[in-house]
Amino acid sequence: MSRLPETARAADPDGAPAPPAPLLSVTDLHTHFPIRAGILQRTVGYVRAVDGVSFDIARGETLGLVGESGCGKTTVGRTVLKLIPPTSGVVIFDDELVFQARGHALKGLRRRMQIIFQDPAGSLNPRMRIASILGEPLLVHGLVESRDELRAKVESLLVRCGMPKAAADRYPHEFSGGQRQRIGIARALALEPEFIVCDEPTSALDVSIQAQIINLLHDLQTEFGLSYLFISHDMAVIQHVCKRIAVMYRGKIVEEGPREQVLGDPKHDYTKSLLSAVPEPDPRRKKHRVVFAGGAM
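In this text, all values refer to a predicted model and were calculated from it rather than measured experimentally. (Residues numbered from 1 in each chain as written. Predicted model: local features only at pLDDT ≥ 70, side-chain atom pairs only at ≥ 80, totals over all residues. Heavy atoms only, no water.)

Draft legend 1. Expanded view of the pattern of salt bridges. Applying the stated criterion to the full structure yields 17 salt bridges. With a shortest N-O distance of 2.9 Å, D169 and R151 are connected by a salt bridge. Separated by 18 residues along the polypeptide, D169 in the loop between α4 (147-160) and α5 (177-189) and R151 in helix α4 bring together distant segments of the chain. Judged by its relative accessible area of 29%, R151 is partly exposed. Across the pair K267 and D265 runs a salt bridge whose closest N-O atoms are separated by 2.7 Å. Looking at K267, the relative accessible area reads 54%, which means it is exposed. Overlapping salt bridges bring together R59, D94, E96, R112 and E194 as one network. (Salt bridge = Lys/Arg side-chain N within 4 Å of Asp/Glu carboxyl O. Helix = DSSP H or I, 4+ residues; strand = E, 2+ residues; numbered from the N terminus. Buried < 20%, exposed > 50% of the residue type's maximum accessible area, 1.4 Å probe, protein only.)

Written out as structure tokens, the structure is:
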């Protein structure tokens, strides 16, 4: 198992105990995709989807990663989980080097790090019953010993996420979007992870359903001590969910800090532009629209 050397976690020079290490630490992460052209499909350039991103997430914390579509938010989340191969950078999860993990060590990390996908319909196999969708990870990781125990675990997950036990015998197409997302959350919760990437989990849902899913995620975090990387382009959702916010633009994090600081006193022009684009519910109030000059970092 790839772990950091003890010297990397020593106390500071003054002899005071070192502060608690973050659960997840991302340092100078790069993920580039080749651009191919011509008959031979030669590489003529690269799309720098993630271009030098660094951040930490403490235990039980929610970091909001916000930015426009195409800025690289989802690529960050999937690269951190090693679902997409990185170009370079270091990701440390609970003192384990994620990109160096192989075999049994990687399987252990897969259990402790999960993801909730943006599209609940596309992330659930339409040919599998819900019982099989939720039960498969439990079987793969050997967490149940009998069919009865598997069924009881599946039903318990469904009930905890606000679904009836009978849902286990039905197919994904028989549920609404909000119900499918609850099933997706139950699947992410099945292996009792410590960290979950929430990849725009409410963007495909109605506003009333969004509130229910956000409240469910908050309750689960409180109950199980989960850490979230919450990815969204919706500032209102980010403001409600996250205590710390990182603003991303063109593959880079341009501003990061506590929620009150980033939303109340933004420093970067791109952050100001995002905030000025949030709709104002009162038509009598006029907002000053900040136009960001693209390309300026």
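Okay, back to it.
Draft legend 2. Highlighting the sheet that holds strand β4 (residues 88-93). In spatial order, the strands read β2-β1-β4-β5; together these 4 strands make up an open sheet with antiparallel pairing. At either margin of the open sheet sits one strand with a lone partner, and together these are β2 (42-57) and β5 (96-97). Of the pairings in the sheet, the one linking strand β1 (residues 24-37) to β4 comprises 5 bridges and is antiparallel in character. Bridge pairing links V26 to V91 in β4. Running over the sheet, helix α1 (residues 73-80) touches β1, β2 and β4 and is turned about 115 degrees from β1. (Pairing = 2+ DSSP bridges. Contact = heavy atoms within 4.5 Å. Axes fitted to C-alpha atoms, helices over the stretch in contact; angles between N-to-C directions.)

Draft legend 3. Quick look at the side chain of S232. Locating S232 in the fold gives a position in strand β8 (residues 227-232). Filtering out sequence-adjacent residues up to four positions away, S232 remains in contact with L65, V66, G67, K73, E200, V237 and I238.

Draft legend 4. Representation of the pairing of strand β7 (residues 195-199) in the model. A large share of β7 lies buried, amounting to 5 of its 5 residues. On β7, burial covers both faces: F195, V197 and D199 on one face and I196 and C198 on the other are all buried. Alignment of β7 against β8, held across 5 bridges, turns out to be parallel. Residue pairing for β8: D199 is matched across the bridge by I231. Once you follow β7 into helix α6 (residues 207-224) and on to β8, the crossover reads as right-handed. (Right-handed = clockwise from strand over helix to strand, strands pointing away.)

Draft legend 5. Quick peek at the environment of S176. Examined against the element boundaries, S176 turns out to sit in the loop between α4 and α5. With 29 residues separating them in the primary sequence, S176 and L205 have C-alpha atoms 9.6 Å apart.

Draft legend 6. Spotlight on α1. For α1, a buried count of 6 out of 8 residues is recorded, marking the element as mostly surrounded by other parts of the structure. Listed in full, the buried residues belonging to α1 are K73, T75, V76, G77, T79 and V80. Once α1 finishes, K82 follows within two positions and takes phi at roughly 65 degrees, a positive value.

Draft legend 7. Examining the packing of aromatic side chains more closely. In the structure shown here, the tally under the stated rule is 2 aromatic pairs. Ring geometry for F93 and F195: centres 6.4 Å apart, planes at 50 degrees, overall tilted. Here F93 is found in strand β4, whereas its partner F195 is found in strand β7, with 102 residues between them in sequence. Overall, F93 belongs to the buried group, its relative accessible area being 0%. Exposure remark for F195: the relative accessible area of 0% places this residue in the buried category. Aromatic side chains Y249 and Y270 sit 4.6 Å apart centroid to centroid with 40 degrees between the ring planes, which places their arrangement in the tilted category. Here the residue Y249 occupies a position in strand β9 (residues 244-249), and Y270 occupies one in helix α9 (residues 269-276), the gap between them amounting to 21 residues. What makes Y249 buried here is its relative accessible area of 3%. (Phe/Tyr/Trp six-rings, centres within 6.5 Å; stacked < 30°, edge-to-face > 60°.)

Draft legend 8. Focus on the sheet that holds strand β3 (residues 62-66). Spatially, the 6 strands line up as an open sheet ordered β6-β7-β8-β3-β9-β10, and their pairing is mixed. Every other strand in the sheet has two partners, leaving β6 (113-116) and β10 (252-258) as the edge strands with one partner each. Averaged over all pairs of adjacent strands, the angle between strand axes in this sheet comes to 20 degrees, irrespective of strand direction. Looking at chain direction, β9 and β10 are connected through 6 bridges and run antiparallel. By the bridge assignment for β10, M248 is matched with I253. Running at roughly 175 degrees to β6, α5 makes contact with β6 and β7 of the sheet.

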